[in-house]
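Results of the structural survey
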Amino acid sequence: MQVFRSLIAGKWVDSASGKGLPNINPANTDDVIGEAQLCTREEARKAVEAAFDAFKAWKQTPAPARGRILTLMSRLMEKHKEELAQMITREEGKVISEARGEVQRATNVVEFCAGETRRLNGETIPSELPSNWAYTIREPHGVVGIITPWNFPVAIPVWKIAPALAAGNTVVFKPASNTPATAVRIVELFKEAGVPDGVLNLVIGSGGEVGDEIVNHPAVRAVSFTGSTEIGLKMYGEIAKRGIPFQAEMGGKNPVVVLPDCDIDLAVEHTAAGAFGSTGQRCTASSRAVVVDTIADAFVERIVARAKAYRLGPGADETSEIGPSVDESQFNTVLKYVDIGREDGATLLCGGNRATGDGLENGFFVEPTVFDHVTPDMRIAREEIFGPVLGIMRVKDLDEAMAVANDTEYGLSSSIFSNDYNSITRFVNEIESGMTHINSPTTGGEAHIPFGGIKGSGIGPREQGSVALDFYSGMKVVYVDHTGRKRGGNLY
Ligand code: NAP
């Protein structure tokens, strides 16, 4: 059985904790992938110290030389694309086509960050004083803590680690405890690409112990987190006391607004893809369809038919369209929300059960589920479920649709289906979300385009695109005086 260890100061270490966590294929619980060794707080501390010791030399490495290592990493990821994708599917459960897409996106991010190392530019600024000028330079923070969730176990770590390294930081990376295999493999590839010892450290371990140590260690000078809003806000409170840069990408309750003038087949197909794709385990998943009354019956009839037509199965089977929930706990959460939806008075139209059938017996499969007549006060309209569950919220017009769509603590993604320019423009202006899509699903993004949310979905600068480097670097202003003379007058 494979054992997943942590990487500290360039060495794969056996943890002194003696604690292991089995890594299990969620599509088939008989398939035990291996066991993760869980680090202690003391080991996390050692990883931070290793990153601290490696910082000076890495900072002094010319940025384009750091970029060359990232270029090699992107080539290694291309080379190992299928292996990484199969690993994601086995460990996290998503279907293989989605896993391949995830690896490609991560590879694109690394490629983009390699290019960015050649333009970590500052500004030159003329001075008010004669023979004086000023310029700005970007500087890395030092040790950066990176804490990630399980749902994109390759893409999310990579889209944080690559810009952190490009900017000259050293990294302590803590992956989700239930996806250690992919975490180990991407760190191995970074090492093979030439990242020096201590520059990238991996600590596998529980959030409460290892994660907490990273967040609170004084040598950690910035933290980038992706995960639930609950944990992100808790972490924000702790980090605020230390006054260091913090970035959090958190949960979502993403609305799809469907207007009567839309192409209904397109709206149904894309809403279903957003709601049920990746088993609904995307922060950008469509969980609320806000549909104007006059088109609602037709939309509901079609989306239920679409939901029932999905082929569920192990992600490694090329014909499967929807895989399992990531683990038993997530599976139980989804079924619990089905009960809550019923109790709160929503109408269950399809799904809502453990999926059964050939090849599904040993996995955490939930039927694609559609509730109708969901109202804004219901918990299934307000809380992130993170499963293949869509709530239909009927409204009388665009005014009510906007009010309902924005009636949420979250603000990650959204979309509208309409062919009316004025309605679309109004939606874009009024929707409270960090990203929005017109006539396409709430999900998806590209390596060079900023990604992130507002309200309870995001804190701090966005990830990806050139702006990603803004989080991973600070600015130093340099004043240059060529006069060689003492100054008179007021200086402030
Ligand atoms: P989670 O429970 O919040 O965990 C995220 C990470 O934080 C894990 O590595 C976890 O470690 C760690 N952690 C937990 N408690 C901690 C603590 N007290 N101190 C430090 N670290 C701690 O989230 P998840 O269940 O893995 O992921 C699903 C969530 O991620 C959903 O809410 C989803 O919307 C969100 N998400 C957001 C985005 C986005 O870009 N907005 C993208 C993807 C996912 P353990 O695994 O050891 O518990």
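Data block above holds the structure.
Throughout what follows, the structure given in this document is the object of discussion. Just so we're clear, the structure is a prediction, and the values are computed from it rather than from any experiment.

Reading guide: rules and limits
Residues numbered from 1 in each chain as written. Predicted model: local features only at pLDDT ≥ 70, side-chain atom pairs only at ≥ 80, totals over all residues. Heavy atoms only, no water. Near = heavy atom within 4 Å. Polar contact = N/O pair within 3.5 Å; in protein donor to acceptor, adjacent residues only side chain to side chain. Areas by Shrake-Rupley, 256 points an atom, 1.4 Å probe, with all protein chains shown as cover. Domains from an automatic or database assignment. Salt bridge = Lys/Arg side-chain N within 4 Å of Asp/Glu carboxyl O. Buried < 20%, exposed > 50% of the residue type's maximum accessible area, 1.4 Å probe, protein only. Helix = DSSP H or I, 4+ residues; strand = E, 2+ residues; numbered from the N terminus. Axes fitted to C-alpha atoms, helices over the stretch in contact; angles between N-to-C directions. Parallel < 35°, antiparallel > 145°, perpendicular 65-115°, else oblique. Left-handed = near helix turned anticlockwise from the far one by under 90°. Contact = heavy atoms within 4.5 Å. Nonpolar A, V, L, I, M, F, W, Y, C, P; charged D, E, K, R; others polar. Expected span 1.5 Å × (residues − 1). Pairing = 2+ DSSP bridges.

Brief notes about the site of the ligand
Close contacts around the ligand come from 30 residues, with Thr-148, Ser-177, Ser-228, Met-250 and Glu-384 the closest. Side-chain polar atom of Trp-150 to an oxygen atom of the ligand: 3.1 Å apart, as the coordinates give it. Taking Lys-174, its side chain carries an N or O atom lying 3.0 Å from an oxygen atom of the ligand. Here the ligand, which alone exposes 910 Å², has 86% of that area covered by the protein. Residues lining the shell around the ligand come from more than one domain, with at least three contributed by each of domain 1 (2-250 + 457-477) and domain 2 (254-438).

Structural notes on the pattern of salt bridges
This model, assessed by the stated rule, comprises 30 salt bridges. Where Glu-116 meets Arg-119, a salt bridge forms, and the shortest distance between an N and an O atom there is 2.6 Å. Using a relative accessible area of 5% as the deciding quantity, one classes Glu-116 as buried. A salt bridge links Arg-382 to Asp-407; the shortest N-O distance between them is 3.1 Å. On the criterion of sequence distance, the pair formed by Arg-382 in helix α12 (residues 379-382) and Asp-407 in the loop between α13 (398-406) and β18 (415-417) is long-range, its members being 25 residues apart. A relative accessible area of 30% places Arg-382 in the partly exposed class. Residue Asp-407 is classed as partly exposed on the basis of its relative accessible area, which comes to 35%. What emerges from the salt-bridge pattern is a single network uniting Arg-41, Glu-42, Arg-45, Asp-212 and Glu-213.

Some thoughts on the environment of Gly-101
Relative to the assigned elements, Gly-101 resides in helix α4 (residues 96-116). Along the chain, Gly-101 and Lys-81 lie 20 residues apart, while their C-alpha atoms are 9.6 Å from each other.

Observations regarding the packing of helix α3 (residues 81-92) against helix α6 (residues 180-193)
When two helices pack together, their arrangement is given by the angle between the helix axes and by the axis-to-axis distance. Interhelical geometry of α3 versus α6 gives an angle of 160 degrees and a closest axis separation of 9 Å. It follows from the interaxial angle that α3 and α6 lie roughly antiparallel. In this structure, α3 meets α6 at a crossing whose hand is left-handed. For the pair α3 and α6, the contacting residues are Glu-83, Leu-84, Met-87, Ile-88 and Glu-91 in the first and Pro-180, Ala-181, Thr-182, Arg-185, Ile-186 and Leu-189 in the second. For the contact of α3 with α6, the class distribution of residues is 7 nonpolar, 1 polar and 3 charged.

Thoughts on helix α8 (residues 229-242)
Helix length check: α8, at 14 residues, gives a terminal C-alpha distance of 20 Å against a target of 20 Å (1.5 Å per residue), a fit within 8%. If you follow the buried residues of α8, they end up packed against β8 (143-147), α7 (207-216), β11 (220-226) and β12 (246-249). Gly-243 sits one or two positions beyond α8 and adopts a positive phi of about 65 degrees.

Here's the deal with the sheet that holds strand β13 (residues 254-258)
Ordered by their spatial adjacency, 7 strands build an open sheet running β15-β16-β17-β14-β13-β18-β19, and the pairing between neighbours is mixed. With one partner strand each, in any of the chains shown, β15 (347-350) and β19 (437-438) form the two edges of the open sheet. Pairing analysis gives 5 bridges linking β13 to strand β14 (residues 286-292), with the strands arranged parallel. The partner of Val-257 across the bridge, within β14, is Val-290.

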